[in-house]
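# Architecture and fold: a report
Residues per chain, in single letters:
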Amino acid sequence: MKHKKHNILFVCLGNICRSPAAEGVLKSIVAQEGDEAEWNIDSAGTGRYHIGDLPDRRMRVHARQRGLELDHRCRQVTPDDFDRFDLIVGMDASNLSNLRAVAPSPEAEKKIVAMASFFNPGNRWDHVPDPYYEGAEGFELVLDLLEEGCRNLYEQVENEK
Ligand code: 4NP
């Protein structure tokens, strides 16, 4: 029998740093350990500043050092995304609140979750901080948090099958 796909959308503000990195991290876990045909993984931004752009150069450099090539093109999240995806994962409280404003129904709103809800117990972060105005450590922190969160998200979804 054909399995239903896991449709996961990562969302941040600009869709050039955190969410395309999350997309890349989860895609890489699936490529190494899972069945790519079973997953549909994408990212989008609540803002529209960078539509059509590749991820921020700094994010691409730091991701490449971990073996990830980020080639997503920035797009803005739409109400239709709530039909196309099962899980809509926001990076911080502002993303989550912006997503609730885009959700077309209370049912759709239930698909919104915080990336931090997938962190290990004991992780002192309750969000993925915006690295845009930070230095190299900000980008490394984002990748560390996303690797931990995407690993747990992957296992949770696989175990729900
Ligand atoms: P992101 O980071 O939300 O992780 O993609 C940002 C990128 C761009 C801007 C803000 C945050 N910006 O204001 O242009």
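Calculation criteria
- Residues numbered from 1 in each chain as written.
- Predicted model: local features only at pLDDT ≥ 70, side-chain atom pairs only at ≥ 80, totals over all residues.
- Heavy atoms only, no water.
- Helix = DSSP H or I, 4+ residues; strand = E, 2+ residues; numbered from the N terminus.
- Polar contact = N/O pair within 3.5 Å; in protein donor to acceptor, adjacent residues only side chain to side chain.
- Contact = heavy atoms within 4.5 Å.
- Near = heavy atom within 4 Å.
- Areas by Shrake-Rupley, 256 points an atom, 1.4 Å probe, with all protein chains shown as cover.
- 1 Å grid on protein atoms, 1.4 Å probe; cavity = no way out; pocket = protein on both sides within 12 Å on 5 of 7 lines; lining within 4 Å.
- Sits in = over half its atoms within 2 Å of the grid points.
- Nonpolar A, V, L, I, M, F, W, Y, C, P; charged D, E, K, R; others polar.
- Expected span 1.5 Å × (residues − 1).
- Buried < 20%, exposed > 50% of the residue type's maximum accessible area, 1.4 Å probe, protein only.
- Pairing = 2+ DSSP bridges.
- Right-handed = clockwise from strand over helix to strand, strands pointing away.

### Quick look at the side chain of Asp 81
Mapped onto the elements, Asp 81 comes out in helix 3 (residues 81–84). Side-chain polar atoms of Asp 81 contact the side chain of Arg 75, separated by 3.0 Å. Among the polar contacts listed, one links the side chain of Asp 81 to the side chain of Arg 84, at a separation of 3.0 Å. Ignoring sequence-local partners within four residues, the contact set of Asp 81 consists of Leu 9, Arg 75, Gln 76 and Ile 88.

### Section: the site of the ligand
In the vicinity of the ligand, the contacting residues are Cys 12, Leu 13, Gly 14, Asn 15, Ile 16, Cys 17, Arg 18, Tyr 49, His 50, Asp 130 and Tyr 132. A distance of 3.2 Å separates an oxygen atom of the ligand from a polar atom in the backbone of Asn 15. At 2.8 Å from an oxygen atom of the ligand is found a side-chain nitrogen or oxygen belonging to Arg 18. In isolation the ligand exposes 350 Å². Once the protein is present, 92% of that is buried. More than half of the atoms of the ligand fall within 2 Å of the grid points belonging to the second largest pocket. For the shell around the ligand, the residue count by class is six nonpolar, three polar and two charged.

### Notes on helix 1 (residues 18–33)
In this model helix 1 runs 23 Å from its N-terminal to its C-terminal C-alpha over 16 residues, within 8% of the 22 Å that 1.5 Å per residue would give. Within helix 1, the full set of buried residues consists of Arg 18, Ser 19, Pro 20, Ala 21, Ala 22, Glu 23, Gly 24, Val 25, Leu 26, Ile 29 and Val 30. On its buried side, helix 1 packs onto strand 1 (6–12), strand 2 (39–45), helix 2 (57–64), helix 4 (93–102) and helix 6 (136–160).

### Quick notes on the pairing of strand 2
Taken across its seven residues, strand 2 has six buried, putting it largely inside the fold. Where strand 1 meets strand 2, seven bridges bridge the pair, whose relative direction is parallel. Note that in strand 2 the partner of Leu 9 across the bridge is Asp 42. Taken together, strand 1, helix 1 and strand 2 form a β-α-β motif whose crossover is right-handed.

### Quick look at the pairing of strand 1
Burial of strand 1 is extensive: seven of the seven residues sit out of reach of the surface. The alternating pattern of strand 1 places His 6, Ile 8, Phe 10 and Cys 12 and Asn 7, Leu 9 and Val 11 on opposite faces, both of which are buried. As paired elements, strand 1 and strand 3 (residues 87–90) share four bridges and run parallel to each other. Paired with Val 11 across the two strands is Gly 90, which belongs to strand 3.

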